[in-house]
Each structure stands twice: as structure tokens, then as C-alpha cells.
Amino acid sequence: MPLEINNLTFSYSQNQNVFQNLSLEIKDGECVALLGFSGSGKSTLFNLITSLVQNYEGSISLQGYENTDISYISQSATDMSFPWKRVISNIQFPLKLRNRLNEEKQNKISTLIKILKLEHRLNHYPSQLSGGELKRLSIASGLVYSPRLILLDEVFTGLDFALKWELWSFIKQEIKSLKATTIIATHDLDEAVYLSDRIIFINKNKTIDERQVLIEQTENLNIEDALTSKILVTAREQTLKLYKEINNE
Amino acid sequence: MNRNKNFVSFVIGLLLIPIIVGVLLSLLKVFTPVSIKFPSIFEIYRDFFKSFSDKDVILAFLSTAKRVILSSLCAVFIGVFLSFLLNWNKRIWNFALPTIDFLRSIPITFFIPAFAILLGVSSPNIIWILAVIPSVLIILINVSEGIRQQNQKRLHHFYIISGSRNKLRSFFNVTVFEVFPFFISGFKIALSYSIVVVTVLEYMQMGNDVGLGRMVYNEMEQLNYSRVYSIIILVGLIGYALNLVLNKINLKYE
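Computed from a predicted model, the values in this text were never measured in an experiment.

What counts, and where the lines are drawn
- Residues numbered from 1 in each chain as written.
- Chains lettered and ligands numbered in written order.
- Predicted model: local features only at pLDDT ≥ 70, side-chain atom pairs only at ≥ 80, totals over all residues.
- Heavy atoms only, no water.
- Helix = DSSP H or I, 4+ residues; strand = E, 2+ residues; numbered from the N terminus.
- Rg over C-alpha atoms; globule rule 2.2 N^0.38 Å.
- Buried < 20%, exposed > 50% of the residue type's maximum accessible area, 1.4 Å probe, protein only.
- Contact = heavy atoms within 4.5 Å.
- Lys, Arg positive; Asp, Glu negative; His and termini not counted.
- Charge placed at Lys NZ, Arg CZ, Asp CG, Glu CD.
- Salt bridge = Lys/Arg side-chain N within 4 Å of Asp/Glu carboxyl O.
- Patch = residues over 30% accessible without salt bridge, like charges linked within 9 Å, V, L, I, M, F, W, Y side chains within 5 Å.
- Areas by Shrake-Rupley, 256 points an atom, 1.4 Å probe, with all protein chains shown as cover.
- Pairing = 2+ DSSP bridges.
- Axes fitted to C-alpha atoms, helices over the stretch in contact; angles between N-to-C directions.
- Polar contact = N/O pair within 3.5 Å; in protein donor to acceptor, adjacent residues only side chain to side chain.
- Expected span 1.5 Å × (residues − 1).
- Bend = angle between axes of the 7 residues up to and from the residue.
- Phe/Tyr/Trp six-rings, centres within 6.5 Å; stacked < 30°, edge-to-face > 60°.
- Lys NZ or Arg CZ within 6 Å of the ring centre and 35° of its normal.
- 1 Å grid on protein atoms, 1.4 Å probe; cavity = no way out; pocket = protein on both sides within 12 Å on 5 of 7 lines; lining within 4 Å.
- Points joined across faces, edges and corners; volume = space filled by probe spheres on them.
- Nonpolar A, V, L, I, M, F, W, Y, C, P; charged D, E, K, R; others polar.

**Considerations on the overall build of chain A**
- Broken down by element type, chain A carries 8 helices and 9 strands.
- For chain A, whose C-alpha radius of gyration is 18 Å, the value lies close to the compact-globule estimate of 18 Å for 249 residues.
- In terms of overall dimensions, chain A has C-alpha extents of about 50 × 45 × 30 Å along its principal axes.
- Taking all 249 residues of chain A together, the buried fraction comes to 55%.
- Considering only contacts within chain A whose residues lie at least 6 apart along the sequence, 70% involve residues at least 24 apart.
- Between the averaged position of the 27 positive side-chain charges in chain A and that of its 30 negative side-chain charges there is a distance of 4 Å.

What follows is the structure, encoded as C-alpha cells:
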């Protein structure tokens, strides 16, 4: 089990627990979507996994992962770029920090730039980019070093559906080619059913609910066909029903 | 296109300086009591342009400019070093803050006796050394604010993409750049303080007898007011030139 969280209890203040005995297991290479009401602690869970926040009770075990294997792409793309660096330097930065900027990685950068349509923006600064371009930049810099554990925290919020779909397709392919273990925090049911193998919920008891939705992903379907396919439509309905139930309990 | 527009604005701003100074001095002349002979704007500008060929004025100008630059650079070095040292840990900063606020409230002239004992009243260095104190405190406050306001999410992102929590690494790769705008704004205020302290201490006849402040005093003694105001314009010129350099540096990092 590469990611194992056991009886995690955490609070920012003494009176209110963010999590109460939360346990979660994610298999190697699995993509899990995490759903929960606003303020349920999805981002806090990511902060705990990446050790930004400590002083918790319980255990978080990342078996077989180094610190350098983790990527955390958050919804705030501005915070994920370095405004004093040009777009190209922002993308190369993680590799430079690891002394891994070689020819092979340069090819990876070129591919990312092409797919994420950032070619015409390479010499610009992040402040000169649009919201969508900034998101694409944050995705590029988050994936350029081929992470093995990817945490996506409401990354696609606020994007128009066409760009969102484009990025979903790209992310799905990347996760697959990297064989990365992925957790996606989202409020978007389409995103959850399209990208993940399993959907889990944070319930009002501040723990992971026992109920979950398993999704059998179909290969070689374009996004529009996939989203209207019977499997994903059923999964979406099931997820919505469960989400309502869990929130109303 | 944008660069051209900026250049035109800069030139217009530059041309406005003598006009605004002229208007202010003319207003002073109008409202000054008849018993005081206030010079006309033409007399002031005549003496101002004459001073460029006056060896004594040039020497005084260079001497004052040197003191301002020395005190500012020294303040930058000490201020920035202290800021990072005191902000390495929040607790250290909390310990230091009362002393900083206490020292900030004391007028610099009150430090003169202490420094006079240490360096001697006639020491040529006493002026710029005294000017360092308020400048250091201003830079310290500004840079510390920058450190405390730095984007924690960006810092976290750096830790993730670098795969390490090395504080020194994040300092050179992130903190230095995040703090830079705060440093520049602190440096600008410190520069103004430096000019004020240096010229006032020169005026008070501290250190040796070369400097624009001292020259203002001498010319006032001789009731030569047009020259007094022409020298004051020269003091403004030092501040303007140094701020121009700072703006250029800031533009590079914007």
C-alpha cells in the first residue's frame, strides 16, 4: 500500500477537529477522487500528506516515495508560479533544482509546452498570462519532473468547459503514462468520474465514509463520448446520490 | 510603444521640477514679510547654474553625496543582514521588536554625544555613521515586513518542487525575490532620511567643514539667500539622482 493514512486526527485550534480518526488507503498507480463539502478539509489533507502541516495524531505513510516524487498542483495558479521568472524558466525550475535538466528532460519540456499550448508565451512573465494559461503553466511545472504521487487540489475550478476538457484529457494521459498514484480533490462530478478509478467522500464525522463509487474506466474514448458513456453516466448518478445522502445525514 | 510613453512621461516629469520649484519659491517671495529680503526665482536659478562652475560647491556636493551613499550602502548591508537574522525565527523577531520600536522613536541628534565620544566631534566620519542608524531601522522594518508577508503557498510550492525543506535554499531562490519590492521601498525612505540627517549634521557643523549643509549655514551667515536656495536645490538633486538609480534597479526585477 503506497499511501496509507491511519486514524488521522488533526485540528488547527483546540476546540475544533478538522479530521477525527480518518483512515485511507490508496493503491500504487490508483487515481482517487476525494469529494466533500466546502471546508471539509480536502486541502488540509494534502497539506498533511506533503508535510506542510504537522503536529497531527495518527500516521501517514508514503511507502516507497521520496520527497522528490510528490507533486501538488493547487487551484491557486498564481501561487504556483514564480513571478520573477519567465514562463520557460518556471517550467525548467523544478528540474534545475534537482540537477536533472538534461536532453531527455528538455524533450519532455518541449512536449509539455506544445500540448499545453504555451509556445507563444515562453518569454513572458506569469503576470502577463491569462487565468487559463497560468493554470497550464502550473500543470506543466507540476508534471515536468515526472512525479509518482500527484495531488490535484481543485485545479480546474474556474475554467471554461472546453479548456477544462482539454486539460482533463491531458492529465488522464499523463497519470497513465507516469503510472502515478493520484488524489484529486474536486467538487466537479464530471471531473471525478472521468479521471478517477474510485470516488471517496469526507463525511460530516470528519472521516472518510465507508461508501464509495468504483469506476471502470473505458479506454480510447474521446472525452465527450466518455462523459456520455453508460458507465460514467451511471457512476455520476451514483456519486450524486451518495454525495447527497452523506451530506444530509 | 509603452516604453516610448514612459519616456515621454519621464521627460515631462523632469521638466516639471524647475517649474514646481519656481512656483513654490515665487509663492514664498509673495508671502514673505517685507522686512525679509527673499530672493527672486531668477536670482536663485542664476546662482544654481553658476554653482556648476564653482569649485567649492562641487566639492561640497561631492562630499555630501559621498556621505549619503556611504551611509545608505552601510545601512543596506546591516539592515538586510539584521532583517534576515531576526526573522529566521518568529520568536527572535518578537524579542527584538520592542528594542527596534524604542530606538526608532529616538531622534538621531540625541545619539550625537555618544558618537562624539566614540569618534570625536571633528571626525569626518561621524556624519555618515550617524546617518546609518535611522536608515538601518527603516530598512530593517521594511525588509522584515516583506519576509513576514511572503507568500507561504509559493514557499510551500517551492518545497514540493525542490523536494527539500532546506531553508537556505528557499531563502536564495524565493525569499530574496519576494522581499525585493519591500527592500526597495525601504531603501527609498532610508535614502531620504540619510540626506536629511547628513545635511542637518553638516549644518550643525559636525565633522569637517565641507558639505552642502555647512555651505547653507555659511551663506545664511552672510545673508546670501539666493545662494542658500540654490544649494538647497542641489541637495534635492542628490536625492533625485539616487532615486533614479534605485528605480532603474527596481525595473529590472519587476
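Further notes follow.
**Remarks on the pattern of salt bridges**
- Summed over the entire model, instances satisfying the criterion amount to 16 salt bridges over all chains.
- Across the salt bridge formed by Arg227(B) and Glu219(B), the nearest N and O atoms sit 2.9 Å from each other. For the residue pair Arg227(B) and Glu219(B), the accessibility class agrees, reading buried in each case.
- Overlapping salt bridges, with partners in common, bring together Asp209(A), Arg211(A) and Glu245(A) in one network.

**Quick look at a nonpolar patch on the surface**
- Taken together, the side chains of Val8(B), Ile12(B), Leu16(B), Ile19(B), Ile20(B), Val23(B), Leu24(B), Leu27(B), Val30(B) and Phe31(B) make up a nonpolar region of the molecular surface, amounting to roughly 980 Å² of accessible area.
- Along the polypeptide, Phe31(B) turns up in helix 1 (residues 2–31).

**Some details on the sheet that holds strand 1 (residues 3–11) of chain A**
Residues and elements named next belong to chain A.
- Across the sheet, which stays open at both edges, the 3 strands sit in the order 2-1-4 with antiparallel pairing between neighbours. The sheet is open, and its two borders are formed by strand 2 (17–26) and strand 4 (57–62), each paired with just one other strand. On average, each strand axis in the sheet is tilted by 15° relative to the strand beside it, whichever way the strands run.
- Strand direction decides the pairing type here: strand 1 and strand 4, joined by 5 bridges, are antiparallel. Among the inter-strand pairings, glutamate 4 is bridged to a residue of strand 4, identified as serine 61.
- Packing of helix 1 (residues 42–49) onto the sheet brings it into contact with strand 1, strand 2 and strand 4, and relative to strand 1 it is tilted by some 115°.

**A few points about the pairing of strand 8 (residues 198–201) of chain A**
All names here are of chain A.
- Burial along strand 8 is two-sided: the face carrying Arg198 and Ile200 and the face carrying Ile199 and Phe201 are both buried.
- Here strand 3 (residues 31–35) runs beside strand 8; their pairing, made up of 4 bridges, is parallel. Bridge pairing in strand 8 links valine 32 to arginine 198.
- Bridging between strand 8 and strand 9 (residues 213–214) involves 2 bridges; their strand directions are antiparallel. Bridging from a neighbouring strand, arginine 198 pairs with leucine 214 of strand 9.

**Here we look at helix 7 (residues 152–162) of chain B**
- Counted residue by residue, helix 7 of chain B has 9 buried out of 11 residues, so it is predominantly covered.
- Those residues of helix 7 of chain B that are buried are in contact with helix 1, strand 5 (70–74), helix 2 (87–97) and helix 4 (131–143) of chain A together with helix 8 (167–203) of chain B.
- Residue Asn151(B) occupies the N-cap position of helix 7 of chain B, its side-chain oxygen lying 3.0 Å from the main-chain nitrogen of Lys153(B).
- Gly163(B) lies just past helix 7 of chain B and shows a positive phi near 70°.

**Brief notes about helix 4 (residues 90–104) of chain B**
All names here are of chain B.
- End to end, helix 4 covers 20 Å across 15 residues, agreeing with the expected 21 Å (1.5 Å per residue, within 8%).
- The sharpest bend along helix 4 measures roughly 35° and falls at alanine 96, with the proline proline 98 sitting one to four residues further on.
- For helix 4, the complete set of buried residues consists of Trp93, Ala96 and Ile100.
- Two to three positions downstream of the cap, the backbone nitrogen of arginine 91 sits 2.7 Å from a side-chain oxygen, assigning the N-cap of helix 4 to asparagine 89.

**Considering the packing of aromatic side chains**
Residue and element names in this part refer to chain A.
- Inspection of every chain in the model, using the stated rule, returns 19 aromatic pairs over all chains.
- Above the plane of the ring of phenylalanine 93 lies lysine 85, whose end atom (NZ or CZ) is 4.3 Å from the centre.
- Above the face of the tyrosine 145 ring, arginine 98 is positioned so that its terminal group lies 3.9 Å from the ring centre.

**Thoughts on the environment of Ala33(A)**
Residues and elements named next belong to chain A.
- Mapping alanine 33 onto the fold places it in strand 3.
- Overall, the relative accessible area of 0% leaves alanine 33 in the buried class.
- Expressed as a C-alpha distance, the spacing of alanine 33 and isoleucine 183, which sit 150 residues apart in the sequence, is 5.7 Å.
- Residues within four places of alanine 33 in sequence aside, it is in contact with Ile184, Ala192, Ser196, Arg198, Ile199 and Ile200.

**Section: the layout of surface pockets**
All names here are of chain B.
- In this structure, the second largest pocket spans a volume of roughly 540 Å³.
- If you trace the second largest pocket, you find 18 residues lining it, with Asn87, Trp88, Gln152, Leu155 and Lys167 closest to the centre.
- Among the secondary structure elements, those contributing two or more residues to the lining of the second largest pocket are helix 4, helix 6 (126–148), helix 7 and helix 8.
- Among the residues forming the lining of the second largest pocket, the class breakdown is 8 nonpolar, 7 polar and 3 charged.

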